[in-house]
Amino acid sequence: MAATLRIQSDWSRALSRDEGEAWLSCRSPGKPTLYGSVTRRGLSSDGIPDIMASEGFVVGEVTKKSILISCPHENVSTKFLAPYTSFCRIHQKSITCLDISSGGGLGVSTSTDGTMKIWQAANGEIRRLLEGHVYDVNCCRFFPSGLVVLSGGMDAQLKIWSAEDASCVVTFKGHKGGILDTAIVDRGRNVLSCSRDGTARLWDCGKSACLAVITDCGSPINGIAVGTADNSLNLGTPEKPPSEREVGTEGKILLLAREDKKLQGVGLQSRQPVFLFVGSDAFNCCTFLSSTYILAGTQDGNIYQLDVRNTNAPIQVIHRSGAPVLSLLPYRDGFIASQGN
């Protein structure tokens, strides 16, 4: 497990002041944590902050939006990036989920303040307040069109909203526990949800009906992801022909991040199990890197990379800290992970 280098404050704000300071730490498993700080001493002639690190740490390349810091003793370095922009007035409390429309113009987010809002991605201006769930809203995402939003809440309801006028156009009922995550199949004629009740369900948006219970695993399902399977993967055969209302499920595999420490793959059309991998703790999230490679994150801070063709052993296990891995997002040739620290 590699060493982890952190700045333990909002460094971009701390170092924007003339004599700002931010705290550093470098932690290697089984070794004492090394502590230090970085201090701004002023500005260079071209407007770049002049940054100095305390003993044990070295400042590398510095720009107006990033700073490279290394800890030679542990042979580790990290580039810290400042926010491109910050929106502080959308929610009053912690944000639990967010998504950006395919065109990049709108954002939607939910919060522990009990609200779900649509806002302009360019400036954070609030456009719509989506009201209708009872209790907390756990998840939200845009349909590919960018004009419609899918949400799921602790009230066990799945809702579809118009991003244009904030009306709730469809409500799905059938889960017996809070909905924890959703996924959209292709263009969105069908959607998926998972719940604390241990089921993952496939829904028909046009008929506002549940087409099938894809799986009932007896353990809360914290996260799901749907993707096109590698051609060599055996997804199983449906026991009966799928409904004509079921669109885009052929050749797809559904990932289930389960509370009982299991990551499961299921043929979306066949409903047949494809693989079952046991991790170190409850799985919180999962995603596809490609038709072959997948990622999943656990409550104890592990990120597993697996090959769906052979899940007997992970390709790698990444552990940066013991904080829960809350979400994973493919990005360019890698991925972005968020943790609860």
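Residues numbered from 1 in each chain as written. Predicted model: local features only at pLDDT ≥ 70, side-chain atom pairs only at ≥ 80, totals over all residues. Heavy atoms only, no water.

Participant: Explain the sheet that holds strand β6 (residues 66–71) residue by residue, including any values.
Facilitator: With antiparallel pairing, the three strands of this open sheet are ordered in space as β5-β6-β7. With one partner strand each, in any of the chains shown, β5 (58–62) and β7 (76–81) form the two edges of the open sheet. Each neighbouring strand pair of the sheet contributes to a mean axis angle of 20 degrees, computed without reference to strand direction. Note that β6 and β7 share six bridges and pair antiparallel. Note on β7: the bridge partner recorded for S66 is L81. (Pairing = 2+ DSSP bridges. Helix = DSSP H or I, 4+ residues; strand = E, 2+ residues; numbered from the N terminus. Axes fitted to C-alpha atoms, helices over the stretch in contact; angles between N-to-C directions.)

Participant: Provide a residue-level description of the pattern of salt bridges, including the pertinent values.
Facilitator: Summed over all chains, the structure comprises nine salt bridges. Between D181 and R141 there is a salt bridge, and its shortest N-O distance comes to 3.4 Å. One end of the pair, D181, is in strand β16 (residues 179–185); the other, R141, is in strand β12 (residues 137–142), with 40 residues separating them in the sequence. (Salt bridge = Lys/Arg side-chain N within 4 Å of Asp/Glu carboxyl O.)

Participant: Could you give an account of the UniProt feature "repeat: WD" (unreviewed entry) in the protein, with specific residues and numbers?
Facilitator: Residues annotated in UniProt with the feature "repeat: WD" (unreviewed entry) correspond here to residues 88–129, 130–171 and 172–204. As a span, residues 130–171 carries 0% helix and 52% strand, and end to end its C-alpha atoms are 13 Å apart. The span residues 172–204 shows a helical share of 0% and a strand share of 64%, and its end C-alpha atoms are spaced 9 Å apart. (UniProt positions renumbered as here; feature names shortened; annotations may be inferred.)

Participant: Describe unusual backbone geometry, listing the residues and the values that go with them.
Facilitator: The phi torsion at A156 lies on the positive side, around 70 degrees, for a residue other than glycine. Within the element layout of this structure, A156 appears in the loop between β13 (148–153) and β14 (157–162). One non-glycine residue with positive phi stands out, namely A166, at about 70 degrees. A residue is classified by how much of its surface remains accessible, and A166, at 19% relative accessible area, is buried. (Buried < 20%, exposed > 50% of the residue type's maximum accessible area, 1.4 Å probe, protein only.)

Participant: Describe the sheet that holds strand β10 (residues 116–120), naming the residues involved and giving the relevant values.
Facilitator: Taken together, the four strands give an open sheet; going across it, the order is β8-β9-β10-β11, and neighbouring strands pair in antiparallel fashion. The outermost strands of the open sheet, each flanked by one partner alone, are β8 (95–100) and β11 (126–129). Strand-to-strand twist of the sheet, defined as the mean angle between neighbouring strand axes without regard to direction, takes the value 20 degrees. Both β10 and β11 contribute to a ladder of three bridges, which runs antiparallel. Within β11, the residue paired with K117 across the bridge is L129.

Participant: Describe in detail the domain arrangement of the protein, supporting the description with residues and values.
Facilitator: Domain annotation for the protein reports domain 1 (4–81) and domain 2 (174–339). Relative to domain 2, the C-alpha centre of domain 1 lies at a distance of 38 Å. (Domains from an automatic or database assignment.)

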